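As a plain string of letters, each chain reads:
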Number of protein chains: 2
Amino acid sequence: MKSKLISIGDEILIGQVINTNAAFIGERLFSIGIPVEKSIVIGDEEKIFLSELQESFENYDVTIITGGLGPTHDDITKQVLVKYFNDKLISDEKVLNHVKNIFKSRNLIMPAVNEDQALVPGMSKVIWNANGTAPGIWIEKESKIFIALPGVPHEMNAMIENEILPELKKRFSKKNSVYLQKTLLTTGLGESTLSERLGNIKEIIGENKLAFLPSTAGVRLRINVIGKNESDASDILSGIEKKIRTRAGDYIYGEENDTLEKIIGQILTERKQTLSVAESCTGGKISSRIVGIPGSSNYYVGGACVYSDKEKFELLGVNRETINKFGAVSMQTAVEMAEGIRKLMGTDYSLSTTGVAGPGGGTAEKPVGLVWIGFSQKVKSYAKEFLFGNNREININRTSERALEILRRELLNIEIKF
Amino acid sequence: MKSKLISIGDEILIGQVINTNAAFIGERLFSIGIPVEKSIVIGDEEKIFLSELQESFENYDVTIITGGLGPTHDDITKQVLVKYFNDKLISDEKVLNHVKNIFKSRNLIMPAVNEDQALVPGMSKVIWNANGTAPGIWIEKESKIFIALPGVPHEMNAMIENEILPELKKRFSKKNSVYLQKTLLTTGLGESTLSERLGNIKEIIGENKLAFLPSTAGVRLRINVIGKNESDASDILSGIEKKIRTRAGDYIYGEENDTLEKIIGQILTERKQTLSVAESCTGGKISSRIVGIPGSSNYYVGGACVYSDKEKFELLGVNRETINKFGAVSMQTAVEMAEGIRKLMGTDYSLSTTGVAGPGGGTAEKPVGLVWIGFSQKVKSYAKEFLFGNNREININRTSERALEILRRELLNIEIKF
């Protein structure tokens with residue numbers, strides 16, 4: 001089973017609108033084992049649209065079209081469909097009443113152009129749009145399925161969930177294959193180092209798929225498997241996961257939509273322990289990530305950001321002498337910042353950052369990208385040195401990521417190897 | 001001039017990653033008059049990739065490919081290109097040194113697989129990637145241009161801006177029509193209220209284009225015009241801009257990639273004034289936005305984030321009695337926070353936030369979404385009340401946006417009308 005998406009809209013082509021519809025439909029179709037093999041975006045050009053319909057007819061079982069169903073002049077989807085299938089538009093009474101009711105319920109007079117919303121190709125089945133005026137269209141020819149949906153996300157989403165997926169599932173449930181997917185989140189290793197660590201990928205995944213998805217936060221490993229049935233697929237998946245965890249488990253901090261701050265929050269909440277943060281070069285980034293997690297008030301007491309005046313480091317309990325002797329960007333300052341904020345806030349753990357975020361401010365001895373991350377708990381305090389590079393935004397993101405990973409490893413007693 | 005985009009990546013097809021790259025490139029190509037006519041996404045399937053290259057060759061002047069240039073097994077772009085063009089991969093010494101230096105500068109050992117990053121098709125010109133290890137590739141055959149770029153957004157974006165656009169502009173400058181684009185950034189009004197305020201759009205733009213692009217930060221107004229030549233296009237554009245500014249100028253805080261924190265930074269730097277921030281419900285978000293701006297150490301002294309224990313508000317100079325009498329989320333606390341941090345940090349201005357970010361913690365009297373934003377300078381201090389809704393992330397973003405906008409309006413003596 002293979003599917004194709006056609007998104008209609010100039011606004012997508014010129015980058016005015018990001019194509020979140022394609023991501024949504026892609027994810028939903030994948031989940032029922034009809035992966036999207038090709039996703040295209042085109043404008044309201046009849047010729048290209050027609051040739052894409054022909055390409056779909058030749059190569060794909062299911063084609064889903066979004067957009068171009070509205071009431072204005074540049075909405076061409078229905079016209080192109082009847083042309084391609086040599087059909088005619090007819091008015092659907094049920095849809096017409098629905099459209100009239102929508103305007104009535106909002107106390108609006110219906111512009112005449114909206115009567116056209118009820119026009120659908122004669123050969124099509126109407127897909128109910130509970131949330132808007134444009135009906136969806138389902139056309140079948142020689143066992144090829146063409147589905148046209150409005151481009152308004154919340155209308156389209158509901159139609160996919162409530163009308164399309166159940167019907168497609170019913171049709172293709174004869175198929176034996178079950179698709180499963182899992183994403184493991186790693187941090188602390190680059191894409192190539194992680195790949196090297198995993199060794200022979202073929203040996204791990206066999207005929208299945210493993211994707212490396214890098215970001216500044218780390219590399220996500222996405223496993224995709226196909227099994228004969230649910231339990232077969234599940235066995236294959238857990239076998240692959242086990243092999244990956246054996247080889248790179250230390251670097252895996254979570255799954256799917258986890259974040260370091262979420263994992264840390266779960267541990268601290270469970271243990272009823274508390275955290276504080278003193279930030280210089282990250283300027284509140286770590287604090288705002290922690291506070292982004294619902295319930296963080298259970299373990300996060302607060303933080304301080306000391307940014308420009310070195311003298312202000314005193315507020316965190318850093319000795320003025322330390323700053324004068326070693327500088328604001330130094331191991332000693334990072335350690336005193338961490339200890340200072342921990343005592344000030346009365347928390348079990350604390351983190352600190354001080355560095356040269358760039359682009360200015362670097363020296364030969366302390367170049368842009370140099371960062372010290374401090375950690376403190378009652379029994380020990382220390383700081384680690386990093387060198388991240390020239391990009392300010394990336395420096396700040398990497399520093400916050402490493403700092404949170406240091407805390408996670410400390411909480412779980414995992415050796416810190418970066 | 002017509003262009004086509006090919007994005008390579010299973011992760012896009014199955015909806016794990018939203019295709020922001022296509023939006024970025026589409027917007028940039030449109031701005032120089034080479035609009036994207038078709039944008040497609042495919043996986044790492046050689047056969048489909050080859051047939052898309054053929055379709056590009058037959059129909060498009062410029063084809064831009066993103067993704068599939070990394071060092072791992074699922075990166076197939078270079079292999080497919082040499083196959084299609086009947087070429088061979090050769091090692092580029094300059095790129096190899098660049099890759100080695102990147103690893104060296106981060107004190108990392110380079111895995112052997114990264115040597116392959118320096119392989120490029122023999123017929124290609126290398127496009128310099130200042131921010132990463134994968135070089136871009138520029139191939140020309142029979143005046144058709146094929147460009148392959150890495151999929152990592154910040155690497156790709158810089159290559160488009162600094163390498164690709166200038167070169168494409170040079171090639172195609174013979175064309176008569178000049179495309180110009182400008183984006184005005186507004187905050188404080190919703191899409192429909194802003195539209196109402198602007199009145200008859202046709203009257204403002206004539207045959208040109210005006211797009212409303214809403215986000216949590218505010219609505220961007222993007223103007224696109226076509227002129228007979230540079231000065232004609234420029235005249236049309238400035239005429240439209242003037243009309244928009246006359247009707248909604250108070251709500252426009254910047255242009256293009258400006259941010260409130262950048263604008264504020266420019267003003268404070270120029271005036272040699274300073275700022276501090278005390279955050280509760282935003283937890284460091286405002287501080288991290290300010291610190292995200294290069295040079296912020298010239299005016300940003302620091303901030304405090306007091307999150308869970310009410311007692312800790314004392315650190316900011318808030319009276320314990322104020323908290324006990326009015327609560328942590330109150331006008332009085334917001335004002336005392338702002339005054340406290342301003343005095344503690346010795347700054348000219350300060351902002352504060354305290355609120356119920358949600359999803360928990362709301363009461364009938366103080367529901368989720370209730371926020372007080374405080375402002376303080378020597379001559380006055382006050383706080384304003386907002387009610388933002390149920391979503392924690394949106395609450396935090398909106399609060400930080402409104403707080404920075406209050407500061408901007410105070411700095412410029414613009415009445416605060418929200």
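Residues numbered from 1 in each chain as written. Chains lettered and ligands numbered in written order. Predicted model: local features only at pLDDT ≥ 70, side-chain atom pairs only at ≥ 80, totals over all residues. Heavy atoms only, no water.

Student: Just to check I follow, could you spell out the overall build of chain A for this structure?
Tutor: The number of helices and strands found in chain A is 14 helices and 17 strands. Here the C-alpha radius of gyration of chain A, 28 Å, is well above what a compact globule of 418 residues would show, namely 22 Å. When the backbone C-alpha atoms are referred to their principal axes, chain A occupies close to 85 × 55 × 45 Å. Expressed as a percentage of the 418 residues in chain A, the buried residues total 57%. Sequence-distant contacts in chain A: of pairs separated by 6 or more residues, those separated by 24 or more amount to 66%. Taken as a whole, chain A presents about 17900 Å² of accessible surface, with 48% of it coming from carbon and sulfur. (Helix = DSSP H or I, 4+ residues; strand = E, 2+ residues; numbered from the N terminus. Rg over C-alpha atoms; globule rule 2.2 N^0.38 Å. Buried < 20%, exposed > 50% of the residue type's maximum accessible area, 1.4 Å probe, protein only. Contact = heavy atoms within 4.5 Å. Areas by Shrake-Rupley, 256 points an atom, 1.4 Å probe, with all protein chains shown as cover.)

Student: Even after reading the chapter, I still don't get the packing of helix α2 (residues 20–31) of chain A against helix α6 (residues 153–172) of chain A, so can you show me in this structure?
Tutor: Helix-helix packing is described using two parameters, namely the angle between the two axes and the distance between the axes. Residues and elements named next belong to chain A. Where α2 meets α6, the axes come as close as 11 Å, and the angle between the chain directions of the two elements is 20 degrees. Taken together, the axes of α2 and α6 lie roughly parallel to each other. The crossing of α2 and α6 is right-handed. Where α2 approaches α6, its residues Asn-21, Phe-24, Ile-25, Arg-28 and Leu-29 are matched on the opposing element by Pro-153, Met-156, Asn-157, Ile-160, Glu-161, Leu-165 and Leu-168. Split into classes, the residues belonging to the contact of α2 with α6 amount to eight nonpolar, two polar and two charged. (Axes fitted to C-alpha atoms, helices over the stretch in contact; angles between N-to-C directions. Parallel < 35°, antiparallel > 145°, perpendicular 65-115°, else oblique. Left-handed = near helix turned anticlockwise from the far one by under 90°. Nonpolar A, V, L, I, M, F, W, Y, C, P; charged D, E, K, R; others polar.)

Student: Help me understand the pairing of strand β9 (residues 178–186) of chain B, please; the structure alone is not making it clear to me.
Tutor: Across a regular strand the side chains alternate sides, sitting on one face of the sheet and then on the other. Residues and elements named next belong to chain B. Where burial is concerned, most of β9 is hidden: seven out of the nine residues are buried. Where β9 meets strand β11 (residues 218–227), eight bridges bridge the pair, whose relative direction is antiparallel. Bridging from a neighbouring strand, Leu-180 pairs with Val-225 of β11. The pairing of β9 with strand β12 (residues 252–255) spans three bridges and is classified as antiparallel. From the neighbouring strand, Leu-184 faces β12, where its bridge partner is Glu-255. (Pairing = 2+ DSSP bridges.)

Student: How do you make sense of the packing of aromatic side chains when you look at a structure like this?
Tutor: Aromatic ring pairs: the centre-centre distance and the angle between the two ring planes describe each pair. All names here are of chain A. Tallied over the full model, the rule gives 18 aromatic pairs over all chains. Between the aromatic rings of Tyr-349 and Phe-375, the centroid separation amounts to 6.2 Å while the plane-to-plane angle is 35 degrees, which identifies the pairing as tilted. Pair noted here: Tyr-349 is in strand β15 (residues 349–355) and Phe-375 is in strand β16 (residues 370–377), with a separation of 26 residues, a long-range link. Each member of the pair, Tyr-349 as well as Phe-375, carries the same accessibility label: buried. (Phe/Tyr/Trp six-rings, centres within 6.5 Å; stacked < 30°, edge-to-face > 60°.)

Student: What exactly am I supposed to notice about the sheet that holds strand β13 (residues 275–279) of chain B here?
Tutor: The strands making up a sheet are joined through hydrogen bonds of the backbone, oriented either antiparallel or parallel. With mixed pairing, the ten strands of this open sheet are ordered in space as β17(A)-β16(A)-β15(A)-β13(A)-β14(A)-β14(B)-β13(B)-β15(B)-β16(B)-β17(B). The open sheet has two free edges, formed respectively by β17 (380–387) of chain A together with β17 (380–387) of chain B, since each of these has just one partner strand. Adjacent strand axes in the sheet meet at a mean angle of 10 degrees, parallel and antiparallel pairs treated alike. The sheet contact formed by strand β16 (residues 370–377) of chain B and β17(B) spans eight bridges and is antiparallel. Looking across to β17(B), one finds that Ile373(B) is bridged to Lys384(B).

Student: Explain the interface of chain A and chain B to me, please; I cannot follow it from the model alone.
Tutor: Between chain A and chain B, the residue contacts involve 72 residues of the former and 74 residues of the latter. Summed over both partners, the interface of chain A with chain B comes to about 5600 Å²; 59% of that surface belongs to carbon and sulfur atoms. The largest per-residue losses of area from chain A upon contact with chain B belong to Leu13(A), Ile14(A) and Gln16(A), which jointly make up 11% of the total buried on that side. At the junction of chain A with chain B, the criterion picks out four salt bridges. The salt bridge partner of Glu52(A) is Lys38(B), with a shortest N-O separation of 2.5 Å. Linking chain A with chain B are 28 residue pairs in polar contact (both at pLDDT 80 or more), by the criterion used here. Across the side of chain A that touches chain B, the residue classes break down as 34 nonpolar, 24 polar and 14 charged. Here strand β14 (residues 300–306) of chain A runs beside strand β14 (residues 300–306) of chain B; their pairing, made up of five bridges, is antiparallel. Note on β14(B): the bridge partner recorded for Ala304(A) is Ala304(B). (Buried area = accessible area lost by both parts, 1.4 Å probe. Salt bridge = Lys/Arg side-chain N within 4 Å of Asp/Glu carboxyl O. Polar contact = N/O pair within 3.5 Å; in protein donor to acceptor, adjacent residues only side chain to side chain.)

Student: Please clarify how the environment of Leu275(A) should be interpreted in this entry.
Tutor: Residue and element names in this part refer to chain A. Positionally, Leu-275 belongs in strand β13 (residues 275–279). Considering only alpha carbons, one finds Leu-275 and Asn-21, 254 residues apart in sequence, at a separation of 40 Å. Those residues in contact with Leu-275 that lie beyond four places of it in its chain are Leu-268, Ile-290, Tyr-299, Tyr-300, Val-301, Gly-302, Thr-347, Tyr-349, Ser-350 and Leu-407.

Student: Help me out: how do you make sense of unusual backbone geometry in this one?
Tutor: A negative phi angle is the norm for most residues apart from glycine, just as the trans form is the norm for most peptide bonds. For the bond from Gly358(A) to Pro359(A), the omega torsion is 0 degrees, close enough to zero to count as cis. Within the chain, Asn413(A) stands out as a residue other than glycine whose phi angle is a positive 55 degrees. Among the structural elements, Asn413(A) can be located in the segment after α14 (392–411). For Asn86(B), which is not glycine, the phi dihedral falls at a positive 55 degrees. If you trace the backbone, Asn86(B) turns up in the loop between α4 (77–84) and β4 (89–91). Residue classification places Asn86(B) among the exposed residues on the basis of a relative accessible area of 73%.

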